[in-house]
Amino acid sequence: MAVYTHVSAEALAAFLARYDHGELISAKGIAEGVENSNYMVDTTKGRFILTLYEKRVDLSDLPFFFAMLDHLAERGNPVPRALADRAGVAIQQLEGRPACLIEFLPGVSVSHPNTAQAFATGAAMGHMHESLTDFTGERPNSLGPDGWTALLARCGHDLDTIDPGLFDHVSAALEKILAAWPYNLPRGVIHADLFPDNVLMLGDRVGGLIDFYFACTDIRAWDLAVMHSAWSFDASGARVDRAVGAALVEGYISRFPLSDAERAALPVLARGACIRFLLTRAWDWLNTPADALVTRKDPLAYLRRLNTYNQMGETLFQ
């Protein structure tokens, strides 16, 4: 989440008039994240999230996302659905952008998750994967391994302005990861971005899973590896918490089986997660507009994670 497009009070009030969800009381931009513009909206009937979809989200993908969320919600997963207006329309236009009014879910995103929270979130991912086994929608992973080489080329040697020698370091690491990539593992629809700030906790219980705009069809265990790389380290990527990582995996398998082949592949999948997020964070670091209300994330935090997985990878998943 972030704010790139600014919405006037007058435009937002007119937007809300299409719905039966009350009149505008207040709206506040949400700075976290990097993908879309998001506002917390309070009305006379409740609280909602307003999302304006920026350039990285393809309008043609929105029906897939919304169908996935409806499918998950019907099976008891705590996910936010897009709300339709009186005419039954969910995808609107606001300030020149596609926009949707989204259900608000209670909870807070924790900065330093404990093992109980990690176990609960792993179980929530397992429940999500279980629920999606009969979902028929598909969407390619535009930020999967087949796209990393192109993204590296787009960043180019501008990476060296972030850290000297970074381009060559990432190039060498990417070559090794792609050579070992386990393309034959079971696939399904996955979240692909379940960071702590995309999980709303109510104490040690999961109150909501949010921000599904990277959801796609890919290796199912990749989702778990992405989550492990995001949850098991501090924000700087310098310190790893083995207990949190183990709790994530144990929570997951409490709801959905993990084969021996999937477990054995987790170290390389996690190294791939580091490359993916290092590159996208680097791209955003190099290209974020100066006037955007957005929290930029340090690309080098994922370089540090990558180095840790290279040194300790297998032992972190035992």
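Residues numbered from 1 in each chain as written. Predicted model: local features only at pLDDT ≥ 70, side-chain atom pairs only at ≥ 80, totals over all residues. Heavy atoms only, no water.

## As for the environment of Ala-73
Link 1 in the chain: Turning to its location among the elements, Ala-73 is positioned in helix H2 (residues 62-74).
Link 2 in the chain: Note: C-alpha distance between Ala-73 and Leu-209 (136 residues apart in sequence) is 11 Å.
Link 3 in the chain: Those residues in contact with Ala-73 that sit more than four places away from it in its chain are Val-79 and Arg-81. (Helix = DSSP H or I, 4+ residues; strand = E, 2+ residues; numbered from the N terminus. Contact = heavy atoms within 4.5 Å.)

## Remarks on the packing of aromatic side chains
Link 1 in the chain: Within this structure, the stated rule accounts for 14 aromatic pairs.
Link 2 in the chain: Ring plane angle 75° and centroid distance 5.2 Å describe the contact between Tyr-53 and Tyr-213, whose orientation is recorded as edge-to-face. With Tyr-53 in the loop between strand E3 (46-52) and H2 and Tyr-213 in the loop between strand E9 (205-209) and strand E10 (216-219), this residue pair connects regions lying 160 residues apart in the sequence.
Link 3 in the chain: Look at Tyr-252 and Phe-256: their rings are 6.1 Å apart centre to centre, the planes differ by 70°, and that puts the pair in the edge-to-face class.
Link 4 in the chain: On the basis of relative accessible area, Tyr-252 is assigned to the buried category, the value being 2%.
Link 5 in the chain: Overall, Phe-256 belongs to the buried group, its relative accessible area being 12%.
Link 6 in the chain: Through a chain of ring-to-ring contacts, the aromatic side chains of Tyr-53, Phe-64, Phe-65, Phe-135 and Tyr-213 assemble into a single cluster.
Link 7 in the chain: Above the plane of the ring of Phe-277 lies Arg-276, whose end atom (NZ or CZ) is 3.9 Å from the centre.
Link 8 in the chain: Just above the ring of Tyr-302 sits the side chain of Arg-305; from NZ or CZ to the centre is 4.3 Å. (Phe/Tyr/Trp six-rings, centres within 6.5 Å; stacked < 30°, edge-to-face > 60°. Buried < 20%, exposed > 50% of the residue type's maximum accessible area, 1.4 Å probe, protein only. Lys NZ or Arg CZ within 6 Å of the ring centre and 35° of its normal.)

## Looking at helix H6 (residues 220-231)
Link 1 in the chain: Taking 1.5 Å as the rise per residue, H6 with 12 residues should run 16 Å; its terminal C-alpha atoms sit 18 Å apart, in good agreement.
Link 2 in the chain: Among the 12 residues that make up H6, 12 are buried, leaving the element largely enclosed by the rest of the structure.
Link 3 in the chain: Residues of H6 that are buried: Arg-220, Ala-221, Trp-222, Asp-223, Leu-224, Ala-225, Val-226, Met-227, His-228, Ser-229, Ala-230 and Trp-231. (Expected span 1.5 Å × (residues − 1).)

## Quick word on the nonpolar core
Link 1 in the chain: With 87 residues, the main nonpolar core has Met-68, Leu-209, Phe-212, Trp-222, Leu-269 and Ile-275 as its most contacted residues.
Link 2 in the chain: Ranked by residue count, the leading element in this core is helix H8 (residues 260-287), at 12 residues.
Link 3 in the chain: Judged by nonpolar contacts, the second largest core, of 14 residues, contains Leu-12, Phe-15, Tyr-39 and Leu-52. (Core = buried A, V, L, I, M, F, W, Y, C linked by side-chain atoms within 4.5 Å.)

## A closer look at unusual backbone geometry
Link 1 in the chain: You will see that Ala-192, though not glycine, has its phi angle at about 75°, which is positive.
Link 2 in the chain: A relative accessible area of 4% means that Ala-192 is categorised as buried.
Link 3 in the chain: Notably, Asp-211 is not glycine yet its phi reads approximately 60°, a positive angle.
Link 4 in the chain: Relative to the assigned elements, Asp-211 resides in the loop between E9 and E10.
Link 5 in the chain: Judged by its relative accessible area of 13%, Asp-211 is buried.

## Notes on the pairing of E9
Consecutive side chains along a regular strand alternate between the two faces of the sheet.
Link 1 in the chain: The element E9 is largely enclosed, with a buried count of four among its five residues.
Link 2 in the chain: Linking two consecutive strands that pair antiparallel, namely strand E8 (residues 199-202) and E9, is a turn of two residues; a positive phi of about 70° is found at Gly-203 within it. (Pairing = 2+ DSSP bridges.)

## Considerations on the packing of helix H4 (residues 145-155) against helix H5 (residues 166-180)
Link 1 in the chain: The geometry of H4 relative to H5 is characterised by a closest axis approach of 11 Å and an angle of 160° between their N-to-C directions. Considered as vectors, H4 and H5 are oriented roughly antiparallel to each other. In this structure, the crossing between H4 and H5 has a hand that is left-handed. Here Pro-145, Trp-148, Thr-149 and Leu-152 of H4 come into contact with H5, specifically with Phe-167, Val-170, Ser-171, Leu-174, Ile-177 and Leu-178.
Link 2 in the chain: Looking at the contact of H4 with H5 residue by residue, the classes come out as eight nonpolar, two polar and no charged. (Axes fitted to C-alpha atoms, helices over the stretch in contact; angles between N-to-C directions. Parallel < 35°, antiparallel > 145°, perpendicular 65-115°, else oblique. Left-handed = near helix turned anticlockwise from the far one by under 90°. Nonpolar A, V, L, I, M, F, W, Y, C, P; charged D, E, K, R; others polar.)

## Comments concerning the pattern of salt bridges
Link 1 in the chain: Overall, the coordinates contain 10 salt bridges when judged by the stated rule.
Link 2 in the chain: Of the charged contacts, one joins Arg-86 and Asp-20 as a salt bridge, the two residues approaching to 2.6 Å between their closest N and O atoms. Of this pair, Arg-86 sits in the loop between strand E4 (82-83) and strand E5 (92-94) while Asp-20 sits in the loop between helix H1 (9-16) and strand E1 (24-29), placing them 66 residues apart in sequence.
Link 3 in the chain: Within the structure, one salt-bridge network assembled from shared partners comprises Glu-74, Arg-75 and Asp-134. (Salt bridge = Lys/Arg side-chain N within 4 Å of Asp/Glu carboxyl O.)

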